[in-house]
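Listed below, chain by chain, are the residues.
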Amino acid sequence: MTEPAIKYRLIKTDKHTGARLGEIITPHGTFPTPMFMPVGTLASVKAMAPEELDEMGANIILSNTYHLWLRPGEDLVEQAGGLHKFMNWDKGILTDSGGFQVFSLAELRNIKEEGVYFRNHLNGDKLFLSPEKAIHIENALGADIMMSFDECPPFFESYDYIKKSVERTSRWAERGLKAHKNPDRQGLFGIVQGGGYKDLRQQSARDLVSMDFPGYSIGGLSVGESKEEMNRVLDFTTPMLPENKPRYLMGVGSPDALIDGVIRGVDMFDCVLPTRIARNGTCMTSQGRLVVKNKKYERDFSPIDPKCNCYTCRNYTRAYVRHLIHADETFGLRLTSYHNLYFLLNLMKDVREAIMNDNLLEFREAFFEEYGYNNSKRNF
């Protein structure tokens, strides 16, 4: 039997919450969890060089199967030696399957049993994506971790719709598993769906766990429901997943959701949030959200976050970064992007330390208080 490409080792459990400190073992290194993974949709984390990501402590980054299929094409990436060589990144890479694009391109698509017919969002061309096609593309891209092709239904869809969708996602997962060509070099994760319905999440988890994937993702969250709804679903979903496999909550990246997800047993997270808000001049700081392009920072010569030790905060002031953003200088967006990514990567480092010391709940309380989550100044 082939050794799985991805393995998980549980090191410690926080005795008050059950939060897990562990490591994920990949063909490109062994990395500590819980972790935040920066998103590099088109084989590039926006505005960041791979060397900078390495320097700030990123271990696994995400790339997008759908977007790389359209440009430059999976055959070109394969010819270049796979994503790692193509983008000069020698640590972990995870590719999603295109399933989320099926959700986000709702007006352009038609879901059938065989797969999804939809239109290219760039030029309107007709496209077809099936579990087999998605896995073929992901195999060619060569990421360490691949996602099964699924449907991500809107959270508040009807019970009947989500039940049918879960059943189809399970059938698609099985088809994808059969199509997977490199299980010894790439780990394929199953994606648990089911909206807000406990029995459907149970059904989805049961189906996927029976297929023995090397890891499991929790999908269909952070798609418009409240944080309370998300936590409620995590409360009953993560215990359904094997303890000896990594658990990945897809598309979540606000500081409160990261901490609350870890408390509920999640090991891996990703989100475009830190770089997206950075491009609007919004920074995450130990004191909460700071919109550095605001007038009040025009003559503020302190760092974005005096408690932060990132490249941006060590070298530049709020006044300078504000000036760059107002002058449409790309360097300004690079500085805010660097800071926000560093902030979340460093937050996860602190979370891991809190689990090691069995004081994650105290850490959460202190962080929420300082960040402003406990009052009307609630951010993100």
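The structure displayed is predicted, hence computed values, not measured ones. (Residues numbered from 1 in each chain as written. Predicted model: local features only at pLDDT ≥ 70, side-chain atom pairs only at ≥ 80, totals over all residues. Heavy atoms only, no water.)

Asks: Would you take a moment to explain the layout of surface pockets for this structure?
Replies: Vacant regions in the atomic arrangement are exposed by a probe of water-molecule size rolled over the atoms. Size it by volume and the largest pocket reaches roughly 940 Å³. Together, 43 residues line the largest pocket, and Phe100, Gly251, Asp270, Cys271 and Val272 are the ones closest to its centre. Counting residues per element, the ones that place at least two in the lining of the largest pocket are β5 (60–63), α5 (99–104), α9 (227–237), β14 (268–271) and α11 (273–278). It is α5 that provides the largest number of residues to the lining of the largest pocket, a total of 4 residues. (1 Å grid on protein atoms, 1.4 Å probe; cavity = no way out; pocket = protein on both sides within 12 Å on 5 of 7 lines; lining within 4 Å. Points joined across faces, edges and corners; volume = space filled by probe spheres on them. Helix = DSSP H or I, 4+ residues; strand = E, 2+ residues; numbered from the N terminus.)

Asks: Which parts of the structure should I look at to understand the UniProt feature "binding site: substrate" (unreviewed entry) in the protein chain?
Replies: UniProt tags Asp96, Ser97, Gly98, Gly99, Phe100, Asp150, Gln193 and Gly220 as "binding site: substrate" (unreviewed entry). As for the annotated residues named above, the ones lining the largest pocket are Asp96, Ser97, Gly99, Phe100, Asp150, Gln193 and Gly220. By the element assignment, Gly98 lies in the loop between β6 (92–95) and α5. Under the relative-accessibility criterion, Gly98 is labelled buried at 2%. Counting through the fold element by element, Gly99 comes out in helix α5. Given a relative accessible area of 0%, Gly99 falls into the buried group. (UniProt positions renumbered as here; feature names shortened; annotations may be inferred. Buried < 20%, exposed > 50% of the residue type's maximum accessible area, 1.4 Å probe, protein only.)

Asks: Looking at this model, I keep getting lost on the sheet that holds strand β7 (residues 109–111). Mind explaining?
Replies: Pairing between the strands of a sheet is mediated by backbone hydrogen bonds and can be parallel or antiparallel. If you trace the 3 strands from one edge of the open sheet to the other, you get β7-β8-β9, paired in antiparallel fashion. Of all the strands in the sheet, just β7 and β9 (126–129) have a single pairing partner and so form its edges. Adjacent strand axes in the sheet meet at a mean angle of 15°, parallel and antiparallel pairs treated alike. Bridging between β7 and strand β8 (residues 116–119) involves 3 bridges; their strand directions are antiparallel. From the neighbouring strand, Arg109 faces β8, where its bridge partner is Phe118. (Pairing = 2+ DSSP bridges. Axes fitted to C-alpha atoms, helices over the stretch in contact; angles between N-to-C directions.)

Asks: What am I meant to see in the packing of helix α10 (residues 255–263) against helix α15 (residues 360–371) here?
Replies: For any two helices packed against each other, the geometry comes down to the angle between their axes and how far apart the axes lie. At a closest axis distance of 11 Å, the pairing of α10 and α15 adopts a crossing angle of 170°. The angle between the axes of α10 and α15 places the two elements in the roughly antiparallel class. Note that α10 runs across α15; the crossing there is left-handed. Mapping the contact onto sequence places Pro255, Asp256, Ile259, Asp260, Val262 and Ile263 in α10 and Leu360, Leu361, Phe363, Arg364, Phe367, Phe368 and Tyr371 in α15. (Parallel < 35°, antiparallel > 145°, perpendicular 65-115°, else oblique. Left-handed = near helix turned anticlockwise from the far one by under 90°. Contact = heavy atoms within 4.5 Å.)

Asks: Could you clarify how one ought to interpret the nonpolar core in this entry?
Replies: The nonpolar side chains of soluble globular proteins are, as a tendency, buried together. Judged by nonpolar contacts, the single largest core of 93 residues is most densely connected at Leu53, Phe269, Leu360 and Phe367. With 12 residues, helix α14 (residues 330–356) is the largest single contributor of residues to this core. Among residues more than four places away in sequence, those in contact with Phe269 are Met35, Phe36, Met37, Tyr248, Leu249, Val252, Ala257, Leu258, Gly261, Val262 and Met348. Core analysis: the second largest hydrophobic core is formed by 17 residues, Phe31, Ile60, Ile191 and Met250 among them. (Core = buried A, V, L, I, M, F, W, Y, C linked by side-chain atoms within 4.5 Å.)

Asks: Mind showing me how you'd approach the confidence of the model for the protein chain here?
Replies: Close inspection of predicted coordinates is inappropriate in any region flagged by low pLDDT. Taken over all residues, the pLDDT of the protein chain has a mean of 95, while the share at 70 or more is 97%. Contacts of residues 376–380 to residues separated by more than four positions or lying in other chains number 20 contacts, the stretch itself having pLDDT below 50. (pLDDT = per-residue confidence, 0-100.)

Asks: How should the sheet that holds strand β2 (residues 20–26) be read in this particular structure?
Replies: Taken together, the 3 strands give an open sheet; going across it, the order is β1-β2-β3, and neighbouring strands pair in antiparallel fashion. The open sheet has two edge strands, β1 (7–13) and β3 (29–33), and neither has a second partner. If you compare each strand with its neighbour and ignore which way they point, the axes differ by 20° on average. With 5 bridges connecting them, β2 and β3 associate as antiparallel partners. Bridged to Thr26 within β3 is Gly29. Against the sheet, α14 engages β1, β2 and β3, with an angle of about 125° to β2.

Asks: Hey, could you run me through the domain arrangement of the protein chain in this one?
Replies: Interfaces are frequently sized by the accessible area removed from exposure as the parts join. With domains assigned, the protein chain is organised as domain 1 (7–270) and domain 2 (278–370). Distance from the C-alpha centre of domain 1 to the C-alpha centre of domain 2: 27 Å. Counting the surface domain 1 buries against domain 2, the share from its top three residues, Phe36, Met56 and Ile259, is 23%. Run the count over domain 1 and domain 2 and you get 3 salt bridges. (Domains from an automatic or database assignment. Buried area = accessible area lost by both parts, 1.4 Å probe. Salt bridge = Lys/Arg side-chain N within 4 Å of Asp/Glu carboxyl O.)

Asks: Explain unusual backbone geometry here, please?
Replies: In most cases, non-glycine residues show a negative phi, while peptide bonds are predominantly trans. Note that the residue after Thr33, namely Pro34, is joined by a cis bond; omega there is 5°. Mapped onto the secondary structure, Pro34 falls in the loop between β3 and β4 (35–38). In this structure, Pro72 follows Arg71 across a cis peptide bond, with omega equal to 10°. Counting through the fold element by element, Pro72 comes out in the loop between α2 (65–70) and α3 (74–79). At Ala47, a residue that is not glycine, the phi angle is positive and equals roughly 75°. Among the secondary structure elements, Ala47 is positioned in the loop between β4 and α1 (50–56). Its relative accessible area of 34% is what places Ala47 among the partly exposed residues.

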